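Here is how the chains run, residue by residue.
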Amino acid sequence: MDVPAKQPHRRRGQRRRAAISALARAALVAAGLVTVYYELPLDGRGTTGDSVLLACGLLLVVVVFWWQVRAIVTSPHPRLKAVETLATTLALFLLLFAGAYFLLEHTTPGSFSEPLTKTDSLYFTLTTFTTVGYGDITARSQTGRVLTMMQMVGGLMLVGVAARILAGAVEAGLRRQGREPSDDFPSRRKD
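This write-up is about the structure you can find in this document.

So, how was this worked out
- Residues numbered from 1 in each chain as written.
- Predicted model: local features only at pLDDT ≥ 70, side-chain atom pairs only at ≥ 80, totals over all residues.
- Heavy atoms only, no water.
- Helix = DSSP H or I, 4+ residues; strand = E, 2+ residues; numbered from the N terminus.
- Buried < 20%, exposed > 50% of the residue type's maximum accessible area, 1.4 Å probe, protein only.
- Contact = heavy atoms within 4.5 Å.
- Areas by Shrake-Rupley, 256 points an atom, 1.4 Å probe, with all protein chains shown as cover.
- Phe/Tyr/Trp six-rings, centres within 6.5 Å; stacked < 30°, edge-to-face > 60°.
- Salt bridge = Lys/Arg side-chain N within 4 Å of Asp/Glu carboxyl O.
- Core = buried A, V, L, I, M, F, W, Y, C linked by side-chain atoms within 4.5 Å.
- Patch = residues over 30% accessible without salt bridge, like charges linked within 9 Å, V, L, I, M, F, W, Y side chains within 5 Å.
- Lys, Arg positive; Asp, Glu negative; His and termini not counted.
- Charge placed at Lys NZ, Arg CZ, Asp CG, Glu CD.
- Expected span 1.5 Å × (residues − 1).

Let us look at the overall build of the protein chain. Within the protein chain, the regular secondary structure consists of five helices and zero strands. Order of helices (α) and strands (β) in the protein chain, N terminus to C terminus: α-α-α-α-α. For the protein chain, buried positions account for 35% of its 191 residues. Long-range pairs, those at least 24 residues apart, make up 73% of the contacts in the protein chain between residues at least 6 apart in sequence. Counting only carbon and sulfur atoms, one obtains 65% of the accessible surface of the protein chain, whose full area is about 11900 Å².

Below is the structure:
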């Protein structure tokens, strides 16, 4: 019986299932957050409450991120957990700002170059995050511009600092398991 020959095949299958599961969880979390965003009754009644909501939301993003970083270190699949973490954190961050833009436009009409629906707010958020530029929707009020600048800085931090923290957590998780990053990607023989 040739059991050792079956082990690499079995491990590859387990890794493939883990990858599919991680990607499915990430997609479900993102879809769930988008659904919550569209279903929340954001009526924009008070600007003080909206500011507190934004601050609490940003704190929630940080708490979720740090909680997930700890989970990466102890995960049997740290890279996959890092992908889940990034998807969750990014979706939460973007939807938080989309909600803030929507509320701002509804509490202070004219804050943007056109009235914003929830979809318009999400579009503006993604346009800001991806830095593809504007043209159709722009922030007009000082509050709108400050909020947009906060998103820009937060996006840069999310991409730069968070990516580095995630990479460090993945390395720590692999070291904890006695593995090196190259263990997951064996080099191919050159013929």
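A full pass over the atoms with the stated rule returns seven aromatic pairs. Judged by centre distance (5.2 Å) and plane angle (75°), the rings of Phe-112 and Phe-124 are edge-to-face. Of this pair, Phe-112 sits in the loop between α3 (78-107) and α4 (118-130) while Phe-124 sits in helix α4; the two residues are twelve residues apart in sequence, bridging distant segments of the chain. Considered together, Phe-112 and Phe-124 belong to a single accessibility category, that of buried residues.

This part covers the pattern of salt bridges. Enumeration over the complete set of coordinates arrives at one salt bridge. As a salt-bridge pair, Glu-84 and Arg-25 come within 2.8 Å of each other at their nearest N and O atoms. Here Arg-25 lies in helix α1 (residues 3-39) and Glu-84 lies in helix α3, a separation of 59 residues in the sequence. The class for Glu-84 is buried, based on a relative accessible area of 9%.

A few words now on the environment of Leu-92. Among the structural elements, Leu-92 can be located in helix α3. Taking the C-alpha atoms as reference, Leu-92 lies 8.8 Å from Val-34; in sequence the two are 58 residues apart. When near neighbours in sequence (up to four residues on either side) are disregarded, Leu-92 contacts Leu-33, Leu-60, Val-61 and Val-64.

Once that is clear, we can look at the nonpolar core. Ranked by internal contacts, the top residues of the largest apolar core, which has 27 residues, are Ile-72, Tyr-101, Phe-112, Phe-124 and Leu-147. Mapped onto this core, the elements with two or more residues apiece are α2 (47-74), α3 and α5 (142-176). Setting aside its immediate chain neighbours within four residues, Ile-72 contacts Pro-78, Lys-81, Ala-82, Thr-85, Leu-166, Ala-169, Val-170 and Gly-173.

As a further point, take a positive patch on the surface. A cluster of basic residues, Arg-11, Arg-12, Arg-15 and Arg-16, forms a positive patch at the surface. With respect to the secondary-structure elements, Arg-15 resides in helix α1.

Our focus in this paragraph is the side chain of Ser-75. Looking at the element boundaries, Ser-75 is found in the loop between α2 and α3. The contact partners of Ser-75, leaving out residues within four places of it in the chain, are Lys-81 and Gln-177.

As for its placement among the helices and strands, Thr-88 is situated in helix α3. A residue is classified by how much of its surface remains accessible, and Thr-88, at 13% relative accessible area, is buried. Apart from the residues lying within four places of it in its own chain, the contact partners of Thr-88 are Val-29, Leu-33 and Val-64.

With that settled, the discussion passes to α4. Helix length check: α4 (13 residues) gives 18 Å between terminal C-alpha atoms against 18 Å at 1.5 Å per residue, within 8%. Those residues of α4 that sit buried are Lys-118, Ser-121, Leu-122, Phe-124, Thr-125, Thr-127 and Thr-128. Just past α4, the residue Thr-131 takes up positive phi, approximately 55°.

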